[in-house]
Amino acid sequence: MSTTEALLPASGSGGGERLSIDDALALHAGEFGRWQLWHFLLVTAAWALEAMHTMVMIFADREPAMWCPAGDGRCGDRCAGAAAGWEWEHGSGSSTVAEWGLVCGERYKVGLVQAVFFAGCMIGAGVFGHLSDSFMGRKGTLHVVCFLNAIFGLLTALSPNYWVYMALRLLTGFSAGSVCLCAFVLATEPIGPSYRGVTGMSTCYFFSGGIAALAGIAAMCQSSWRLLYVVTSMPSLVFALAVMPFVSESPRWYLVRRRTDDAVRILRNIASSNGRSIPDGVTLKLDDEDDLNKKVEESSSTILDVFRSRATRGRLVLSVIISFLCSAVYFGLSLNVVNLKLNLYISVVANCLAEMPGFLLTTVLLQRFGRKPLAIGSMILSGIFCTSASLIAGVGALRVVRMACGMVGIFGMAATYSLLVVYTAELFPTAVRTAAMGCTAQASQMGAILAPLVVVLGEQVPFAVFGVFGIIGGLLVICLPETMNKPLYDTMFGLEKGERAPTSEEEVISGNSEI
């Protein structure tokens, strides 16, 4: 059987209309209807789950207030804790710091756990990103990582000592690091190109919402960090067992795996739910199928294929560097909010609310100005205001001005962070999309590891570093191509062929010159 014949549905209809998935969605099934909305909400809920598994450390590893029941000045060295007569607010089980005495000379262990968690995220993003593009698929991979998150989170609540706790946080990071990645790809691939950017941007609201919900849960579990891990892990178990069975696999993944019957079945389900229909004569094709001189690629590609192609090699390197810089600034500025010494729970919620205008503004402007100009503008905006903050002394009224500059920096980088998820997904074809995004996710985790190390350098130096990072990142975005209103390619060759094709402007110029 020829490759082309293998792409036809079993019912085959010779001479029928052959369309790419983007064209089938736009012409027949609907680019964004009831089916896509329901599917998007179900899948993207996983972002809130990852937010809980990631940010739970803020509350579980916090340092509660200490007090001396015998009266001020009558207790010994605070570093000695209970041995010197001190007691922890809400009891010794209120946090890992209180239970295991992670203060003074042991305080570095809190930072070590955070670094280990993000290291696990970095490893897991690469591993599960590859599995999502290969035999496990988007749905299968998301199902597995959510289940593992729940198991590792529940086991963490049983940690007998610090070292077991750190090992389980490493494993949780390994599974949690790819949740948002797999959920984003699975949620947006069945959506048509006209709506993909806007809906993709909306995923970040779920992450911020998850952090806000976590703050509420943590406020009710202040006396037990173990109970906090149980409560925040159960939603992942419910999601894996009760939600994932109702989620559909990506039709694009089915198509690149040569399972065209399944891809057509999903598209017909989409059309039916959206009140549309796909004519019987319509069949699907890959975007490299029309080139008769090119053998169709293998059904699964690897990250090595990204480096072999001139069209994607530079994109990947730039995306990795930009993601690293963006993550370092985003997490670094978020940690600086904690240094305001306000109520921890209120501060975290306020930080989430500060990010949302950035998401909203970028979503509104995305289809008008495109991905590239917005990414350049938001990163440079953040960089300029962070640099300005580094030049302002933190005394008197100037402290308020510096804080305002920092908040604008958070606003700009939050917008960039959400935008890069959409932009990166559109830069790479389906065959390697999750693997490429896994690399950028790994770079983001490295930036997250670096962020707290920069924050401890003082009051002004972190702002200066984040300012330089933001400006450099914005300048690097200039080297990336625009992806607005371009097709979401299926294969490496399809992307290379599409990038070589002349634009409509070039065709007009060429036609005029021939005349």
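For the structure itself, consult the block above.
Here is a short report on the structure shown in this document. Given the structure is predicted, the values throughout are model-derived calculations rather than measurements.

## Focus: the overall build of the chain
- Helix and strand counts for the chain come out as 21 helices and four strands.
- Buried positions account for 52% of the 515 residues belonging to the chain.
- Within the chain, contacts between residues at least 6 apart in sequence are counted, and of these 81% link residues at least 24 apart.
- Accessible area of the chain: about 21,300 Å², with a carbon and sulfur share of 65%.

## Structural notes on the packing of aromatic side chains
- Under the criterion given, the structure shown has 18 aromatic pairs.
- A centroid spacing of 5.9 Å and a plane angle of 25° characterise the contact between Phe32 and Tyr195, whose relative ring orientation is stacked. Separated by 163 residues along the polypeptide, Phe32 in the loop between helix H2 (21-29) and helix H3 (34-60) and Tyr195 in helix H9 (residues 193-220) bring together distant segments of the chain.
- Relative accessible area serves as the criterion here: at 41%, Tyr195 is assigned to the partly exposed category.
- Between Tyr165 and Tyr229, the ring centres sit 6.0 Å apart and the planes meet at 80°, which makes this aromatic pair edge-to-face.

## Some points on the packing of helix H5 (residues 108-133) against helix H6 (residues 137-156)
- Following both chains from N to C, one finds H5 and H6 inclined at 145°, their axes separated by 7 Å at the closest point. Within the contact between the two elements, H5 uses Phe128, Leu131, Ser132 and Asp133 and H6 uses Gly137, Arg138, Thr141, Val144, Val145 and Leu148.
- Grouping the constituent residues of the contact of H5 with H6 by class yields five nonpolar, three polar and two charged.

## Let's talk about the nonpolar core
- Trp47, Phe59, Leu142, Phe184 and Leu228 are the most contacted members of the largest nonpolar core, which totals 113 residues.
- It is H3 that contributes the most residues to this core, 13 residues altogether.
- Those residues in contact with Phe184 that lie beyond four places of it in its chain are Trp47, Gly200, Thr203, Val421, Val422, Ala425 and Met437.

## A word on helix H15 (residues 344-369)
- If you check H15, its first and last C-alpha atoms are 37 Å apart, about what 26 residues at 1.5 Å a residue would give, namely 38 Å.
- Looking one or two residues past H15, Gly370 carries a phi angle of roughly 90°, positive in sign.

## What about the side chain of Glu355?
- Positionally, Glu355 belongs in helix H15.
- Summary of buried charges: Glu355 has no salt-bridge partner, and the nearest side chain of opposite charge, Arg169, is 16 Å away.
- Among the polar contacts listed, one links the side chain of Glu355 to the side chain of Ser208, at a separation of 3.0 Å.
- Discounting chain neighbours no more than four positions away, the residues touching Glu355 are Ser208, Tyr330, Ser334, Ile410 and Ala414.

## A short note on the environment of Cys146
- Secondary-structure assignment places Cys146 in helix H6.
- Relative accessible area serves as the criterion here: at 1%, Cys146 is assigned to the buried category.
- Every residue in contact with Cys146, bar those within four places of it in the chain, is listed here: Ala46, Val179, Ser236, Phe239 and Ala240.

## Comments concerning the packing of H6 against helix H8 (residues 179-188)
- For the pair H6 and H8, the least separation of the axes is 9 Å and the interaxial angle reads 150°. Along this stretch, H6 crosses H8, giving a crossing that reads as left-handed. Residues Arg138, Lys139, Thr141, Leu142, Val145, Cys146 and Asn149 of H6 lie in contact with H8, whose contacting residues are Val179, Cys182, Ala183, Val185 and Leu186.
- In terms of residue class, the contact of H6 with H8 is built from eight nonpolar, two polar and two charged.

## Some details on the environment of Gln114
- Inspection of the secondary structure assignment puts Gln114 in helix H5.
- Expressed as a C-alpha distance, the spacing of Gln114 and Asp61, which sit 53 residues apart in the sequence, is 9.3 Å.
- Contacts of Gln114, omitting those with residues within four sequence positions, involve Met57 and Pro452.

## Observations regarding unusual backbone geometry
- A positive phi is found at His90, a non-glycine position, where the angle reads about 70°.
- Topologically, His90 is positioned in the loop between strand S3 (87-88) and helix H4 (96-100).
- His90 sits in the partly exposed class, given a relative accessible area of 39%.
- In the Ramachandran plot, Arg258 falls in the positive-phi region, its phi being about 65° despite a non-glycine side chain.

Calculation notes
Residues numbered from 1 in each chain as written. Predicted model: local features only at pLDDT ≥ 70, side-chain atom pairs only at ≥ 80, totals over all residues. Heavy atoms only, no water. Helix = DSSP H or I, 4+ residues; strand = E, 2+ residues; numbered from the N terminus. Buried < 20%, exposed > 50% of the residue type's maximum accessible area, 1.4 Å probe, protein only. Contact = heavy atoms within 4.5 Å. Areas by Shrake-Rupley, 256 points an atom, 1.4 Å probe, with all protein chains shown as cover. Phe/Tyr/Trp six-rings, centres within 6.5 Å; stacked < 30°, edge-to-face > 60°. Axes fitted to C-alpha atoms, helices over the stretch in contact; angles between N-to-C directions. Nonpolar A, V, L, I, M, F, W, Y, C, P; charged D, E, K, R; others polar. Core = buried A, V, L, I, M, F, W, Y, C linked by side-chain atoms within 4.5 Å. Expected span 1.5 Å × (residues − 1). Lys, Arg positive; Asp, Glu negative; His and termini not counted. Salt bridge = Lys/Arg side-chain N within 4 Å of Asp/Glu carboxyl O. Polar contact = N/O pair within 3.5 Å; in protein donor to acceptor, adjacent residues only side chain to side chain. Left-handed = near helix turned anticlockwise from the far one by under 90°.

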